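As a plain string of letters, each chain reads:
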Amino acid sequence: MRRLVTARLSAVVFCLAAAASGCSSMGVEPWERDVLAKEEMQLTTDPVEAGIDDHIYFSKEASSGGRGFGGGGCGCN
Amino acid sequence: MSKQNSRSIAASLATAACSLLGTSTVAPVQAQEEPGWDFNTALLYYGESDGRVQDFSLNVLANRAFVDDRILSLGLTVDSLTGATPSGALPFDGPQTFTRPSGKAVYTTSANEIPLDDSFLDTRVALTAGWAQPFARLYTFNAGLSASKEYDYVHIGGNAGLSRDFNKRNTTLSLGLAYAQDSLNPEGGTPVPLSPMLDVGDLSNRMGDQDKDVVDVVLGLTQVVNRNLLFQFNYSLSQSSGYLNDPFKFLSLVDPVSGDPVSHTPAPGISGPSHEYRFESRPDERTKHSVYGQAKYYMSGKVLDLSYRYMTDDWEIDSHTLDARYRWPLGDRRYLEPHVRWYTQTAADFYRISLVDGAAPLEFASADYRLGEFDAITVGMKYGWKTRSDNEMSVRLEYYMQDGTAPSDQIIGNQAGRDLYPDLDAIIAQFSYRF
């Protein structure tokens, strides 16, 4: 099991590194960040609401995490 | 340090601060011209139909920016929970009596109703604290602590993360680690897995407090594609070990031909269950893998937010989650945001709607509907506006619905005509104020 996990982790690290190198042709210059700097363009625009939703779905479904840690912290599951 | 980078630091910090409570978030704070506090607050009502779970919740997340983009984050959540929740027992033509989880009394459910345990009453207080700061120009470090307390449940956790920017800060790689230790101490003790529900006053099948540990690792890649598009990919590994049962869930022991629950006669003069029930038994290890992708696309003022998650685990649960939000500005100070979420999961390999009397004993079995096969849909709408003093308010209303199916190969005799899966309908209503 541990070997499988290590292998999967290694594969993911490799993919992320490959993706990162492939990403070097993407992006914007620093002075082109006007739109990206807008609050509504942040990956999470409302952290409290995102936390509430994660907590609800953690309590009612068998999946959690993905966006961040899956964690515990509640007797509801 | 740029304003944008300051936000990304805040995002990392909020992730650290919130995520151990099962509330993972990547959060921007308001860009700060000068260091100061930024408060995100929300009042939530979550209510399920048919007298099931009701939750009133107060949430506060405060971020304080210091010089050099160092950020302190403090969070508080208070939940007030009431209502009833499906116990795992099957409905039946007659009333059913159960011993309460405390072992001190009984309760009875009506014929042909999915049995609900109505002894659900709790207040949960959760605290988070986090710190983030950049270093060595392209790196950001964050660390956090979390703790929560319910009547019969205590959580403590810690987390740390590191991210590095590449490619003119268009690419960010991040690594996060979290550890949580949770302790369960239900009144009357935790039941021995697969042991029978006993008469009132008999706690001989109870164990002492139980613990579980959760370790999470998240690897992330965030990429700016162009002026209007960015995306994020995450891979998450989550390992839980210890007592992973829900101490309040059990299964009906049924007749192999009729499928009806097997009767139980309490000892003379003592109250007890009307039928035979067995407390659930889950494996004491669980490993989950998730991949998550999110894209944000700006279209002349409108913003499309799409995300997808695939999760698989060694309990043989696979799930898919699709989420879409569309932020639609109404002038400069108001917006509407419709939201749709679709979720589906397969059942755990030990999910059973009942245990069959006389059959070979099982090592693991649970009738918890959350481990069954179901689809879920959320639809909602949010309306947000800026006040005269440029603070932000929003209201949202959402409807959440679960639709599950009992495995056809597990349905026995009279069970065929009964409602075997407790579908769920819930309302989510929230008011948020940010200042």
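Since we're looking at a predicted model, the values are computed, not measured.

Q: Looking at this model, I keep getting lost on the overall build of chain A. Mind explaining?
A: Secondary structure summary: chain A contains 2 helices and 0 strands in total. Burial status across chain A gives 52% buried among its 77 residues.

Q: Honestly, the overall build of chain B in this entry has me stumped. Any pointers?
A: Within chain B, the secondary structure is distributed over 1 helix and 23 strands. Compactness check: chain B gives a C-alpha radius of gyration of 24 Å against a globular reference of 22 Å for 435 residues, within 12% of the reference. Seen through its principal axes, chain B has C-alpha atoms that stretch 75 × 40 × 35 Å. Burial analysis of chain B (435 residues in total) assigns 42% to the buried set. Considering only residue pairs separated by 6 or more positions, chain B has 63% of its internal contacts joining residues 24 or more positions apart.

Q: So what exactly am I meant to see when it comes to unusual backbone geometry here?
A: Glycine aside, residues mostly have negative phi angles, and peptide bonds mostly take the trans form. All names here are of chain B. Positive phi, close to 50 degrees, is recorded for Ala 136, a residue that is not glycine. Within the secondary structure, Ala 136 is located in the loop between β6 (116-135) and β7 (139-150). Unusually for a residue other than glycine, Arg 137 sits at a positive phi of about 65 degrees.

Q: In this structure, what is going on with the environment of Glu 61 of chain A? I would like to understand it.
A: Here Glu 61 of chain A is to be found in the segment after α2 (47-60). Apart from the residues lying within four places of it in its own chain, the contact partners of Glu 61 of chain A are Tyr 343, Gln 345, Arg 370 and Ala 376 of chain B.

Q: Which parts of the structure should I look at to understand the sheet that holds strand β15 (residues 277-279) of chain B?
A: Strands belonging to one sheet form pairs held by backbone hydrogen bonds; the direction of such a pair is parallel or antiparallel. All names here are of chain B. The mixed open sheet is built from 3 strands, whose spatial order is β15-β14-β20. This sheet does not close on itself; its edge strands, each paired only once, are β15 and β20 (355-356). Judged from the 2 bridges that link them, strand β14 (residues 250-254) and β20 form a sheet pairing that is parallel. Paired with Leu 253 across the two strands is Leu 355, which belongs to β20.

Q: Sorry, what's going on with the pairing of β7 of chain B here?
A: Residues and elements named next belong to chain B. Residue alternation in β7 divides its side chains into a buried set, Thr 140, Asn 142, Gly 144, Ser 146, Ser 148 and Glu 150, and an unburied set, Tyr 139, Phe 141, Ala 143, Leu 145, Ala 147 and Lys 149. With 11 bridges joining them, β6 and β7 adopt antiparallel strand pairing. When the bridges of β7 are listed, Gln 133 appears paired with Phe 141. Counting the residues in the hairpin turn of β6 and β7 gives 3 residues, including Ala 136, whose phi is positive at 50 degrees. In terms of strand pairing, β7 meets strand β8 (residues 153-166) through 12 bridges, oriented antiparallel. When the bridges of β8 are listed, Leu 145 appears paired with Gly 158. Linking β7 back to β8 in an antiparallel pair, the connection comprises 2 residues.

Q: Can you walk me through the nonpolar core in this structure?
A: The nonpolar side chains of a soluble globular protein tend to be buried with one another. All names here are of chain B. Leu 90, Met 197, Phe 250, Leu 251, Tyr 277, Ile 353 and Leu 420 are the most contacted members of the largest nonpolar core, which totals 20 residues. The set of elements that each furnish at least two residues to this core consists of β14 and β15. Sort the elements by how many residues they give to this core and β14 lands first, with 4 residues. Sequence-distant contacts of Leu 90, defined by excluding residues within four places in its chain, comprise Ser 252, Pro 261, Ile 353, Ser 354, Gln 415 and Leu 420. Among the nonpolar cores identified, the runner-up in size contains 14 residues, and Tyr 46, Ala 376, Tyr 400 and Leu 424 belong to it.

Calculation notes
- Residues numbered from 1 in each chain as written.
- Chains lettered and ligands numbered in written order.
- Predicted model: local features only at pLDDT ≥ 70, side-chain atom pairs only at ≥ 80, totals over all residues.
- Helix = DSSP H or I, 4+ residues; strand = E, 2+ residues; numbered from the N terminus.
- Buried ≥ 20, exposed ≤ 12 C-beta atoms within 10 Å, placed from the backbone.
- Rg over C-alpha atoms; globule rule 2.2 N^0.38 Å.
- Contact = placed C-beta atoms within 7 Å.
- Pairing = 2+ DSSP bridges.
- Core = buried A, V, L, I, M, F, W, Y, C linked by C-beta atoms within 7 Å.

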